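Report on the structure
Next come the chains, spelled out residue by residue.
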There are 2 protein chains.
Amino acid sequence: MPIRNKRAPTLADVARAARVSLKTASRVLNGASNVRQEKVSKVQAVMARLGYRPNELARSLMTRKSGTIGIIVANLANPFVIEVIKAVQQVARANGYVLIITSSEGQPEVESAEIESLVRRRIDGLIIAPASSGPRLSSHLLPANIPTVTFDQLVRGTAFDSVIITNRQSASEATRHMIAHGYRRIVAVGTRPYLYTSKERVAGYRRSMAQSGFEARECFVKHESLLTAKWLEEEVLRGEAAEAIFSLNWVTTQHVLRGLRDLGISAGRDIALISFDDFDLGEMLTPGLSVVQQPSDSLGRESARLLFERLKGDHALPSRRIVLQARLVIRQSCGCGVGGTLVAGAP
Amino acid sequence: MPIRNKRAPTLADVARAARVSLKTASRVLNGASNVRQEKVSKVQAVMARLGYRPNELARSLMTRKSGTIGIIVANLANPFVIEVIKAVQQVARANGYVLIITSSEGQPEVESAEIESLVRRRIDGLIIAPASSGPRLSSHLLPANIPTVTFDQLVRGTAFDSVIITNRQSASEATRHMIAHGYRRIVAVGTRPYLYTSKERVAGYRRSMAQSGFEARECFVKHESLLTAKWLEEEVLRGEAAEAIFSLNWVTTQHVLRGLRDLGISAGRDIALISFDDFDLGEMLTPGLSVVQQPSDSLGRESARLLFERLKGDHALPSRRIVLQARLVIRQSCGCGVGGTLVAGAP
DNA sequence: GTGAAAGCGCTAACAA
DNA sequence: TTGTTAGCGCTTTCAC
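Being a predicted model, the structure only gives us computed values, none of them experimental.

Side note on the protein's contact with DNA strand C
Surveying the vicinity of DNA strand C reveals 27 residues, the closest of which are Leu11(A), Ser26(A), Tyr52(A), Thr24(B) and Arg36(B). The sugar-phosphate backbone supplies 65% of the atoms of DNA strand C found within 4 Å of the protein. Taking Ser26(A), its side chain carries an N or O atom lying 2.8 Å from a phosphate oxygen of DNA strand C. Arg36(B) has a polar backbone atom sitting 2.7 Å from a phosphate oxygen of DNA strand C.

See below:
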């Protein structure tokens, strides 16, 4: 029996009970090879008997490794984000790391506060979907010795590893697809125009519109709460002003779908729609939602890989950028397969 | 300038630079009142100048409080789970705590491993959706001094605080609603029959069926991967054997919807359907999905509240159980509003 | 008000 | 192969 009855047993308690030195007990704990088998068994037996639980906090203090990875996302409700987290989680677990997940709610101030909190907890690495593309996420917040990988948004003027997708190209492709259906009054709808992803997707959309000689029109709200049916009707639809909508992100699509329904307009039938980002039941809608699908699993996996490469190995690698291919998934809402007017030669 | 150029500045560095004692610096850090204002300012100035970041790990070692809450869920993909986490996260953040989120994948062995990992990291509290209702989640895994709240599943023979919902009653209500539509061949479909939630929901379903003198029929798969279109056709539908389906959880509904579509059967039109658990776009399906909606936000909030009550105050409170009311949300797939055969007197 | 000393539970660097 | 001695960065006595 350990002397103190209340406190959890420490390695010292174990060592005492096993009649070995603290260091020997420590060696057994860490699976060091240079301990006599006999003592190993004895120490392990005592550990089991006492119900010994190593204190990772104490270990971390000494090793300067907390075994935790921070991950900051903008919106936990977004299934894309969840899939990324799941992938990161898998890699982290396989490496014996644990994830501290927080959300910035897309607000740079919250993001800063969360970073500070994580740094104080001495995370070994950070994976972050930045809340803004501006220079807020700067190195004065993050100590240089915390490897960081950004995903989704790209932050100007930083040297973080990053994983992004083909925003511009995929947006262009989606737009081209709608154009091939014969639509020319295609409106891009989105939130937070100042984000990197928004800008890139708009650029892709514009490129395709311009190539066909059509006029691009973008409707943005600063925050999704402003994306109401009324706004849709007055700003986007404007009577006959829109034949098709290109929704620039998940939360936008959600609000656009609800708004159109409230207006008695069938998304995909009365007006064509392609969404950047998919839904759990996107295929089950009628008509099925045509989407640009982000490779969320690879995105998480690659982000984690980049991070662990720095963690395990060389801290001084040059900063790397990975661009993953997003995929245009054609279902019906784009105009395909609902007696739509798909023009010959369409994708 | 601190002497060591490489290492992050410590409180000792701060104290030295500010020409005060370590303890005074510590007092300033913790906002103690008994320090002369002059010194407070000085220390704070030095902290800012040096870019000092308190090491929470070191503090935790001494205070025996890590400022972290563990949360273990069965499936991060489930939006219900995510909403619970979001609510818990909010409360945790408001209390200065951080969340370590892990997933058991519904497997008791993984759950045990995750618990062990969290205990070693000295979480201050645990919120867990148990992977099984059996006695696996027992106190030999969890030290008695780690307050724990379970939600979703109820674990037999433990004294944890818990937050659950009206599984039985709500399942009964949903079944009654379908019966009122005139259906009598209503089949309950689900996964993992051994779970508390499954049993309760089945019990509610059976009660309503029995009250109307109808024969209850349940179709279970052990794992969702077995829930294929073929299985649906052969085990659930069996020709005309099913007029309505009561899907017992989120993942089941997802597979049932896909399966029915693959069979060319419209869920809600050709066969009635009520789902336990809602979807992001549940309302946007055609017909709209009728569901039992769990109060996920309250569930998370209440779980967190129970936990923090123990954390902040009395550890020796008697164990409490909170039962929250789930809500039957009638859209169309139950038979309402699609020219269904709703019988007079239906809810 | 302030500070010196001790110690939280572990590992690192040495010596034996 | 083993043990001893220092710490890691902070908080907590308990003196002054």
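Digging into the protein's contact with DNA strand D
Neighbouring residues of DNA strand D: 26 residues in total, closest Thr24(A), Arg36(A), Leu11(B), Lys23(B) and Tyr52(B). Per the 4 Å cut-off to the protein, sugar and phosphate atoms form 63% of the nearby atoms of DNA strand D. Contacts to DNA strand D include Arg36(A), whose backbone N or O atom sits 2.7 Å from a phosphate oxygen. In the model, a phosphate oxygen of DNA strand D is placed 3.1 Å from a nitrogen or oxygen of the Arg59(B) side chain. At the level of secondary structure, the elements contributing two or more residues to the surface near DNA strand D comprise α2 (22–29) and α4 (56–63) of chain A together with α2 (22–29) and α4 (56–63) of chain B. At four residues, the largest contribution of residues to the surface near DNA strand D is made by α4(B). Of the residues assigned to the surface near DNA strand D, the class counts are nine nonpolar, eight polar and nine charged.

Remarks on the domain arrangement of chain A
All names here are of chain A. Splitting chain A by domain gives domain 1 (11–54), domain 2 (65–164 + 296–323) and domain 3 (167–294 + 328–340). The C-alpha-based centres of domain 2 and domain 3 are spaced at 29 Å. Every contact between the two is made by 17 residues of domain 2 and, on the other side, eleven residues of domain 3. At the boundary of domain 2 with domain 3, the tally comes to three residue pairs in polar contact (both at pLDDT 80 or more).

Some points on the relation of the copies chain A and chain B
Superposition of chain A onto chain B requires a rotation of 180 degrees combined with a translation of 0.0 Å along the rotation axis, giving an RMSD of 0.1 Å. Considering both components of the superposition, the chain copies are consistent with a two-fold axis.

Digging into the interface of chain A and chain B
Between chain A and chain B, the contact holds 53 residues from the first and 53 residues from the second. A buried area of about 4900 Å², summed over both sides, lies between chain A and chain B, and 54% of it is on carbon and sulfur atoms. When the buried area of chain A at its contact with chain B is split by residue, Arg53(A), Leu57(A) and Arg121(A) rank highest and sum to 16% of it. Where chain A meets chain B, there are eight salt bridges. Inspection of the region where chain A meets chain B yields 20 residue pairs in polar contact (both at pLDDT 80 or more). Counting only elements with at least two residues in the side of chain A that touches chain B, the list comes to α4, α5 (79–94), β2 (98–103), α6 (108–120) and α10 (250–262) of chain A. Residue classes in the side of chain A that touches chain B are distributed as 23 nonpolar, 14 polar and 16 charged.

Remarks on the sheet that holds strand β7 (residues 217–221) of chain B
All names here are of chain B. In spatial order, the strands read β7-β6-β8-β9-β10-β12; together these six strands make up an open sheet with mixed pairing. Each end of this open sheet is capped by a strand with a single partner; those strands are β7 and β12 (327–329). When the angles between neighbouring strand axes are averaged without regard to direction, this sheet yields 20 degrees. For strand β9 (residues 272–276) and strand β10 (residues 290–293), the ladder comprises three bridges, and the chain directions are parallel. Within the sheet, the bridge partner assigned to phenylalanine 276 lies in β10 and is valine 292. Along the sheet face, helix α8 (residues 196–211) touches β6 (186–191), β7, β8 (244–247) and β9 and points at about 160 degrees away from the line of β7.

A look at empty space enclosed by the protein
This structure, assessed with the given rule, holds three cavities of 30 Å³ or more. Estimates place the volume of the largest cavity at around 140 Å³. Lining the largest cavity are 13 residues, and of these Leu57(A), Thr68(A), Leu57(B), Thr68(B) and Arg121(B) sit closest to its centre. Estimates place the volume of the second largest cavity at around 50 Å³.

Details of the packing of helix α9 (residues 229–237) of chain A against α10(A)
Residue and element names in this part refer to chain A. Orientation of α9 relative to α10, taken along the N-to-C sense of each, is 90 degrees, at an axis distance of 8 Å. As far as their axial angle goes, α10 and α9 are roughly perpendicular. On the side of α9, the interface is formed by Ala229, Leu232 and Leu237, while α10 contributes His255, Val256, Gly259, Leu260 and Asp262. A breakdown of the residues in the contact of α9 with α10 according to their chemical character gives five nonpolar, two polar and one charged.

Some remarks on the pairing of strand β6 (residues 186–191) of chain A
Residue and element names in this part refer to chain A. When you tally the buried positions in β6, you get six out of six residues, the bulk of the element. Judged from the five bridges that link them, β6 and strand β7 (residues 217–221) form a sheet pairing that is parallel. Counted as the bridge partner of valine 187 is arginine 217 from β7. For the crossover from β6 across helix α8 (residues 196–211) to β7, the handedness is right-handed.

Brief notes about unusual backbone geometry
In this chain, Thr286(A) is followed by Pro287(A) through a cis amide linkage whose omega measures -5 degrees. Here Pro287(A) lies in the loop between β9 (272–276) and β10 (290–293). One non-glycine residue, Glu105(B), adopts positive backbone phi at about 55 degrees. Within the fold, Glu105(B) resides in the loop between β2 (98–103) and α6 (108–120). Classification of Glu105(B) by relative accessible area gives partly exposed; the value is 36%.

As for the sheet that holds strand β12 (residues 327–329) of chain A
Residue and element names in this part refer to chain A. In spatial order, the strands read β7-β6-β8-β9-β10-β12; together these six strands make up an open sheet with mixed pairing. Strands with a single pairing partner mark the edges of an open sheet, and in this sheet they are β7 and β12. Sheet twist, expressed as the mean angle between neighbouring strand axes with direction ignored, is 20 degrees. Most of the contacts of α8 go to β7, to which it runs at about 160 degrees, and overall it touches β6, β7, β8 (244–247) and β9.

Brief notes about the packing of aromatic side chains
Residues and elements named next belong to chain B. Inspection of every chain in the model, using the stated rule, returns seven aromatic pairs over all chains. Seen from their ring centres, tyrosine 205 and phenylalanine 246 are 6.5 Å apart, and the 40 degrees between their planes marks the pair as tilted. Of this pair, tyrosine 205 sits in helix α8 while phenylalanine 246 sits in strand β8; the two residues are 41 residues apart in sequence, bridging distant segments of the chain. Judged by its relative accessible area of 0%, phenylalanine 246 is buried.

Rules of the game
Residues numbered from 1 in each chain as written. Chains lettered and ligands numbered in written order. Predicted model: local features only at pLDDT ≥ 70, side-chain atom pairs only at ≥ 80, totals over all residues. Heavy atoms only, no water. Near = heavy atom within 4 Å. Polar contact = N/O pair within 3.5 Å; in protein donor to acceptor, adjacent residues only side chain to side chain. Helix = DSSP H or I, 4+ residues; strand = E, 2+ residues; numbered from the N terminus. Nonpolar A, V, L, I, M, F, W, Y, C, P; charged D, E, K, R; others polar. Domains from an automatic or database assignment. Contact = heavy atoms within 4.5 Å. Least-squares fit on C-alpha atoms with pLDDT ≥ 70 in both. Buried area = accessible area lost by both parts, 1.4 Å probe. Salt bridge = Lys/Arg side-chain N within 4 Å of Asp/Glu carboxyl O. Pairing = 2+ DSSP bridges. Axes fitted to C-alpha atoms, helices over the stretch in contact; angles between N-to-C directions. 1 Å grid on protein atoms, 1.4 Å probe; cavity = no way out; pocket = protein on both sides within 12 Å on 5 of 7 lines; lining within 4 Å. Points joined across faces, edges and corners; volume = space filled by probe spheres on them. Parallel < 35°, antiparallel > 145°, perpendicular 65-115°, else oblique. Buried < 20%, exposed > 50% of the residue type's maximum accessible area, 1.4 Å probe, protein only. Right-handed = clockwise from strand over helix to strand, strands pointing away. Phe/Tyr/Trp six-rings, centres within 6.5 Å; stacked < 30°, edge-to-face > 60°.

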